[in-house]
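Chain residues, written in single-letter form:
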Amino acid sequence: MAYIQLNNGLPGITGLLENRVDTAAPIRELTQILLRGKSTLTEMERELIATIVSFKNECRFCTKAHAATVIALGGSKELLDTVYHDLENAQLSEKMKSLLVIGSKVQEIGKAVLPEHIERAKKAGATDKEIHDTVLIAALFCLYNRYVDGMGAYCPEDPAYYQKLAARLTTIGYDRPKDAMARKGEESFK
Amino acid sequence: MAYIKVEEGIPGIRSLFKFSPETGKPLCDLAEVLLRGPSPLSSSERELIAAFVSNRNNCMFCMNSHAAAARFLFDEDKQVVDDLLKNQTADSLSPKMKALLWIAGKVQSNGKSVTPEDIENARKEGANDTDIHDTVLIAASFSMFNRYVDGLDSYTPANEEDYLEMGKRMGQKGYHI
């Protein structure tokens, strides 16, 4: 149960966004641009940044949701485990590793990103836009994680919920679902 | 010099909006709805939450600019801003505002550190669901804005006076570019 009365029975962030469509609109728009818009990073790579930040912020709902999305986009549980615990040995390009290091530094605090982290990413071929988007995705998930946990939002335990959510996030994306029935399906996970 | 190639001389987040206007638009929309949209909290109180969180995140650009906006909006009561940010005292604020700032401080460190007791305490001091929601989301949003500005090492003017005009403009015109 969230700390405030919501106008719906949806879990996690989805219940918060549906409860306040005014503040949700720019957050959804920003997320859709960053995670699904035109980019030289794949959708899975961008979801990995969201997942590592959520994991480090210990936000269970967001970690489960974006881990399921990484898997739906072709990633594996093994890849996620290495990214969480042993990033340098993950089966990822040097560029992606260097961007995930930047994302992890942003999670700590903005000033933790040092010139050497940027140098490493640029040396591995990262463009300014890739670095920009990495920092902003990591910063955005510091918002989401705090919003979800700071409001005490409900976190379902059933893995089927996250598979259903991931199926939506890999098709419709982050725009507000127009189909009320899609929301009803997710509301049943109480 | 920022970590990415932005236009020289434009301070803080505005240089990033210019670098990436596509993401700048929803970021401005978010600041506008959170700090100027309908809320039981005044714009000055909401700017104070923004400055308080930015100060705790050590983001000097956001702290200085939102403190300047808060001073402009508090007008003759502007001393509360410096009491809170410089003298570390919230004594000039209402008990409700103190309880909400306590929650904002928790959100700044990590969402999970907010407890049911923190929420109960704010309710006891008169906060309703919308006060609590808006406080949590402003604190969460500035945990994003601060990281965006500092994570890319964007240009941060050094003196408080450099932010006077900026604060006035933010107070008068808000965040729509």
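Nothing here was measured: the structure is a model prediction, and the numbers come from that model. (Residues numbered from 1 in each chain as written. Chains lettered and ligands numbered in written order. Predicted model: local features only at pLDDT ≥ 70, side-chain atom pairs only at ≥ 80, totals over all residues. Heavy atoms only, no water.)

**Looking at the overall build of chain B**
Of the regular secondary structure elements, chain B holds nine helices and zero strands. N-terminal to C-terminal, the α/β element order of chain B is α-α-α-α-α-α-α-α-α. Computed over the C-alpha atoms, the radius of gyration of chain B is 16 Å, within 12% of the 16 Å expected from 2.2 N^0.38 for a compact globule of 177 residues. By its C-alpha atoms, chain B is 50 × 35 × 25 Å across when sized along the principal axes. For chain B, buried positions account for 60% of its 177 residues. At a minimum sequence separation of 6, the contacts of chain B that also span at least 24 residues come to 69%. Surface exposure of chain B reaches about 7,400 Å², of which carbon and sulfur atoms provide 50%. (Helix = DSSP H or I, 4+ residues; strand = E, 2+ residues; numbered from the N terminus. Rg over C-alpha atoms; globule rule 2.2 N^0.38 Å. Buried < 20%, exposed > 50% of the residue type's maximum accessible area, 1.4 Å probe, protein only. Contact = heavy atoms within 4.5 Å. Areas by Shrake-Rupley, 256 points an atom, 1.4 Å probe, with all protein chains shown as cover.)

**Re helix H9 (residues 164–173) of chain B**
All names here are of chain B. Where H9 is concerned, the buried positions are Met 166, Gly 167, Met 170 and Gly 171. Take H9 and look down its axis: the buried residues cluster within an arc of 130°, on one side only. Those residues of H9 that are exposed and angled more than 90 degrees off the buried face are Leu 164, Glu 165, Gln 172 and Lys 173. Here the buried face of H9 lies against helix H4 (60–74). (Arc of directions from axis to C-beta.)

**Examining unusual backbone geometry**
Residues and elements named next belong to chain B. Notably, Asp 75 is not glycine yet its phi reads approximately 55°, a positive angle. Structurally, Asp 75 can be placed in the loop between H4 and helix H5 (79–85). Owing to a relative accessible area of 53%, Asp 75 belongs among the exposed residues under this scheme. Despite not being glycine, Gln 88 shows a phi value in the positive range, around 55°. For Gln 88, the location among the structural elements is in the loop between H5 and helix H6 (95–109). Judged by relative accessible area, which is 63%, Gln 88 ranks as exposed.

**What about the interface of chain B and chain A?**
Taken together, the contacts link 46 residues of chain B with 40 residues of chain A. It is Tyr 3, His 133 and Arg 147 of chain B that lose the most area in chain B upon contact with chain A, and together they represent 20% of the buried surface on that side. Our count for the chain B to chain A interface comes out at four salt bridges. Here Glu 29 of chain A and Lys 25 of chain B are joined by a salt bridge, their closest N and O atoms 3.2 Å apart. Where chain B meets chain A, there are 22 residue pairs in polar contact (both at pLDDT 80 or more). Residue assignment for the side of chain B that touches chain A shows that the elements contributing at least two residues are helix H2 (21–35), H6, helix H7 (116–124) and helix H8 (129–151) of chain B. Examining the composition of the side of chain B that touches chain A, we find that 15 residues originate from one element, H8 of chain B, more than from any other. (Buried area = accessible area lost by both parts, 1.4 Å probe. Salt bridge = Lys/Arg side-chain N within 4 Å of Asp/Glu carboxyl O. Polar contact = N/O pair within 3.5 Å; in protein donor to acceptor, adjacent residues only side chain to side chain.)

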